[in-house]
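# Architecture at a glance
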Amino acid sequence: MQTLYFILIFLATYAIMEFMAWFTHKYIMHGFLWSLHKDHHKKDHDSWFERNDAFFIFYAVVSIGCFLLWKYEIFWAGLPIGIGIFAYGLSYFLVHDIFIHQRFKLFRNANNWYAKGVRRAHKMHHKHVGKEDGECFGMLFVPFKYFKK
């Protein structure tokens, strides 16, 4: 029974992280922490790293905190929550940083319906270089209109 709870908590955490990514992106990155995110929309530096990468570090610390809560037997669900946050972060990194922005030259030839839809949605998001008037703040689950031909 505990295995079932573990799996359900992991899956719920993974799904909730898409909402957290959308919320953080729309209201924090395009809000009061625009100063960290703006270099992602308009590159104003020569570094491979962006100030925007600080958001990755925040969620990594949260995930590690959950692992530690589990390790020290403070909160048993810390493990599936920590793994769920980590798995979403890995998915986000693979889709956003590697597949879409090609920070590493991998997955260049992916052209299935999902890949095209996610690319199209992200392209629409990046057409706005300012913090206002943005659209499509999600990453892995984007509106169906972006999957139409």
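Everything that follows concerns the structure shown earlier in this document.
What comes next is a walk through the structure. (Residues numbered from 1 in each chain as written. Predicted model: local features only at pLDDT ≥ 70, side-chain atom pairs only at ≥ 80, totals over all residues. Heavy atoms only, no water.)

Attention now moves to the overall build of the protein chain. Looking only at helices and strands, the protein chain features five helices and zero strands. Burial analysis of the protein chain (149 residues in total) assigns 38% to the buried set. Residue pairs in contact within the protein chain that sit at least 24 positions apart in sequence constitute 54% of those at least 6 positions apart. Accessible surface for the protein chain amounts to roughly 9600 Å². Of this, 69% is attributable to carbon and sulfur atoms. A gap of 9 Å separates the mean positions of the 18 positive and 11 negative side-chain charges of the protein chain. (Helix = DSSP H or I, 4+ residues; strand = E, 2+ residues; numbered from the N terminus. Buried < 20%, exposed > 50% of the residue type's maximum accessible area, 1.4 Å probe, protein only. Contact = heavy atoms within 4.5 Å. Areas by Shrake-Rupley, 256 points an atom, 1.4 Å probe, with all protein chains shown as cover. Lys, Arg positive; Asp, Glu negative; His and termini not counted. Charge placed at Lys NZ, Arg CZ, Asp CG, Glu CD.)

Time to look at the packing of aromatic side chains. Under the counting rule described, the total for this entry stands at 14 aromatic pairs. Between the aromatic rings of Phe19 and Phe23, the centroid separation amounts to 6.0 Å while the plane-to-plane angle is 35°, which identifies the pairing as tilted. Of this pair, Phe19 and Phe23 both sit in helix 1 (residues 2-32), four residues apart, roughly one helical turn. Summarising the aromatic geometry, the rings of Tyr114 and Phe147 are spaced 6.2 Å apart at their centres and angled 20° between planes, so their arrangement reads as stacked. With Tyr114 in helix 5 (residues 113-126) and Phe147 in the segment after helix 5, the pair connects residues that are 33 residues apart, well separated along the chain. Looking at Phe147, the relative accessible area reads 19%, which means it is buried. Over the ring of Trp48 we find Arg103; its NZ or CZ atom is 4.5 Å from the centre of that ring. (Phe/Tyr/Trp six-rings, centres within 6.5 Å; stacked < 30°, edge-to-face > 60°. Lys NZ or Arg CZ within 6 Å of the ring centre and 35° of its normal.)

Attention now moves to the side chain of His25. Note on placement: His25 falls in helix 1. Judged by relative accessible area, His25 falls into the buried class, the value being 5%. A polar contact of 3.2 Å, which involves the side chain of His25, links it to the side chain of His37. Within the local environment of His25, its side chain forms a polar contact with the backbone oxygen of Phe137, the two atoms lying 3.1 Å apart. Apart from residues no more than four positions distant in its own chain, His25 is found in contact with His30, His37, His41, His125 and Phe137. (Polar contact = N/O pair within 3.5 Å; in protein donor to acceptor, adjacent residues only side chain to side chain.)

A complete count under the given rule lists three salt bridges for this structure. Across the pair Arg103 and Asp97 runs a salt bridge whose closest N-O atoms are separated by 3.1 Å. Considered together, Arg103 and Asp97 belong to a single accessibility category, that of buried residues. Between Glu135 and Lys127 there is a salt bridge, with the nearest N and O atoms lying 3.8 Å from each other. (Salt bridge = Lys/Arg side-chain N within 4 Å of Asp/Glu carboxyl O.)

Let us look at helix 2 (residues 34-41). Residues of helix 2 that are buried include every one of Trp34, His37, Asp39, His40 and His41, and no others. Structurally, helix 2 contributes buried residues whose contacts are with helix 1, helix 3 (54-71), helix 4 (78-100) and helix 5.

At Glu73, a residue that is not glycine, the phi angle is positive and equals roughly 55°. With respect to the helices and strands, Glu73 occurs in the loop between helix 3 and helix 4. Given a relative accessible area of 74%, Glu73 falls into the exposed group. Despite not being glycine, Gln102 shows a phi value in the positive range, around 55°. Along the chain, the position of Gln102 falls in the loop between helix 4 and helix 5.

Put simply, helix 3 and helix 4 touch, their axes get as near as 7 Å, and they point 160° apart. One element, helix 3, and the other, helix 4, form an angle in the roughly antiparallel class. The crossing of helix 3 and helix 4 is left-handed. Between helix 3 and helix 4, the contacting residues are Tyr59, Val62, Ser63, Cys66, Phe67 and Trp70 on the first element and Gly78, Leu79, Ile81, Gly82, Ile83, Ile85 and Phe86 on the second. Tallied by class, the residues present in the contact of helix 3 with helix 4 amount to 10 nonpolar, three polar and no charged. (Axes fitted to C-alpha atoms, helices over the stretch in contact; angles between N-to-C directions. Parallel < 35°, antiparallel > 145°, perpendicular 65-115°, else oblique. Left-handed = near helix turned anticlockwise from the far one by under 90°. Nonpolar A, V, L, I, M, F, W, Y, C, P; charged D, E, K, R; others polar.)

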